[in-house]
Amino acid sequence: MKYKIVLFGVKEETNLIIDKFKSDIDLLVTLSPEEKSKYKISGERKNKFSFNNIFYSDSYKFSSSKCLDFFKKNKFDLGIVVGWQRLIPQEILDCFKIGIFGFHASPMGLPYGKGRSPANWSLILGFNHVFNHFFKYDSKADNGKIYKNKKINILPWDNIKSLKEKILLDQINSIKDLIRDYNNDNIKLSEQNKSIFESFFPKRSLEDGKINFTNTTENIYNLIRGCSYPFPGAFVDYNNNNITIWEAYPFSYEDLFPNSKVGQIVKIYDDKSFIFKTIDGSILVKKWESKNKLNINLGKQLK
């Protein structure tokens, strides 16, 4: 069978692309429920996809005989990846006449910042923009030729959710252009910038969200906004229980609480938001949660 345009993905953002381009997409490739249950996928689609023609892969790496047989027995033109966090092997890439295209947001432009969680890292490291690349896949991570590249500003109050929303809006525009150029047989590609040094961001784990109180107010704030929903969140230890902090802002960049210790809760508000002291100021926590019921007490220390 011939499939002209194929979408790969397992996330909520995948379903948003389906909603926008349902008349253009011939096939959705996603994970089987059994395979998806093996992974912790941030932002995964919990409900069934709003699409009829679906191939359920039993391998996230497309390494099973079922996957290989399916792709080799059918014909494909163009693949688009939104929400699939694994490399696609060369033998699958070779099944697509035009190729498979996907996105990567780098704070300095590819080949800098390849690898995992680039949008999260861009916030955590304090960058004020990312370059969102739409590129043709090859067998190496984030290595292919560029179709489009868009600079997206990161504002001081952005968190990972708002940054991902900006990236998604650019993805929609870029996919629209790619489908137009595919239909007109006019897809043009350019090489990655060889003057930029190649680097890779490492995979982030749940433990990487723990707040280090030797860091500055700005660095703690960047960690919180870079780990917020739909990711696991930044966290602290309080009375031997974890508090996950979903939303917080710098309250001061000077020491307004000279008689308090770093990490100490120095102000509590009626709505249960609170302020804690840092090494060079303080942070206002607006949204937090804990698995155990906790009473936040003035003067107690976070660790």
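Coordinates for the structure precede this section.
Here is what the cut-offs are and how they apply
Residues numbered from 1 in each chain as written. Predicted model: local features only at pLDDT ≥ 70, side-chain atom pairs only at ≥ 80, totals over all residues. Heavy atoms only, no water. Core = buried A, V, L, I, M, F, W, Y, C linked by side-chain atoms within 4.5 Å. Buried < 20%, exposed > 50% of the residue type's maximum accessible area, 1.4 Å probe, protein only. Helix = DSSP H or I, 4+ residues; strand = E, 2+ residues; numbered from the N terminus. Contact = heavy atoms within 4.5 Å. Pairing = 2+ DSSP bridges. Axes fitted to C-alpha atoms, helices over the stretch in contact; angles between N-to-C directions. Patch = residues over 30% accessible without salt bridge, like charges linked within 9 Å, V, L, I, M, F, W, Y side chains within 5 Å. Areas by Shrake-Rupley, 256 points an atom, 1.4 Å probe, with all protein chains shown as cover. Salt bridge = Lys/Arg side-chain N within 4 Å of Asp/Glu carboxyl O. 1 Å grid on protein atoms, 1.4 Å probe; cavity = no way out; pocket = protein on both sides within 12 Å on 5 of 7 lines; lining within 4 Å. Points joined across faces, edges and corners; volume = space filled by probe spheres on them. Nonpolar A, V, L, I, M, F, W, Y, C, P; charged D, E, K, R; others polar.

Enquirer: So what exactly am I meant to see when it comes to the nonpolar core here?
Expert: The nonpolar side chains of a soluble globular protein tend to be buried, and buried together. Judged by nonpolar contacts, the single largest core of 28 residues is most densely connected at Phe8, Phe62, Phe71, Phe76, Ile88 and Phe96. Those elements giving two or more residues to this core turn out to be β1 (2–8), β2 (27–31), α3 (65–73), β4 (75–81), α4 (90–93) and β5 (96–106). No other element matches the 4 residues that α3 contributes to this core. Not counting the four nearest positions on each side in its chain, phenylalanine 71 is found in contact with Phe8, Val29, Phe55, Phe62, Phe76, Ile92, Cys95 and Phe96. Core analysis: the second largest hydrophobic core is formed by 23 residues, Ile5, Val82, Tyr147 and Leu168 among them.

Enquirer: Just checking my understanding: could you explain the sheet that holds strand β12 (residues 265–268) for this structure?
Expert: Hydrogen bonds along the backbone pair up the strands of a sheet, which may run parallel or antiparallel. Taken in spatial order, the 5 strands make up an open sheet running β10-β11-β14-β13-β12, and their pairing is antiparallel. If you trace the sheet from one side to the other, it starts and ends with β10 (234–238) and β12, each paired once. For this sheet, the mean inter-axis angle between neighbouring strands, taken without regard to orientation, is 45°. Where β12 and strand β13 (residues 274–278) come together, 3 bridges link them in antiparallel fashion. Pairing of isoleucine 265 across the sheet is with phenylalanine 276, part of β13. Contacting β10, β11 (241–252), β13 and β14 (281–289), helix α7 (residues 217–227) runs over the sheet at an angle of about 125° to β11.

Enquirer: I tried to follow unusual backbone geometry on my own but got confused; where do I start?
Expert: Excluding glycine, a negative phi dihedral is what most residues carry, and trans is how most peptide bonds are arranged. The omega torsion across leucine 110 and proline 111 is 15°, close enough to zero to call that bond cis. Structurally, proline 111 is set in the loop between β5 and β6 (114–115). The peptide bond linking tyrosine 229 to proline 230 adopts the cis configuration, its omega dihedral lying at 15°. For proline 230, the position within the fold is in the loop between α7 and β10. Of note in this structure, aspartate 185 is not a glycine but carries a positive phi near 55°. A positive phi is found at asparagine 239, a non-glycine position, where the angle reads about 55°. As for its placement among the helices and strands, asparagine 239 is situated in the loop between β10 and β11.

Enquirer: Where do I start with a nonpolar patch on the surface in this structure?
Expert: On the surface, Leu155, Trp157 and Tyr249 cluster together to form a nonpolar patch covering roughly 310 Å² of accessible area. Along the chain, tyrosine 249 turns up in strand β11.

Enquirer: I keep staring at the layout of surface pockets and nothing clicks. Help me out?
Expert: Gaps between atoms show up when a probe of the same size as a water molecule is rolled over them. Empty space within the second largest pocket amounts to approximately 260 Å³. Taken together, Leu206, Pro232, Gly233, Phe235, Asn242, Thr244, Glu289, Ser290 and Lys291 form the lining of the second largest pocket. Class assignment of the residues belonging to the lining of the second largest pocket gives a composition of 3 nonpolar, 4 polar and 2 charged.

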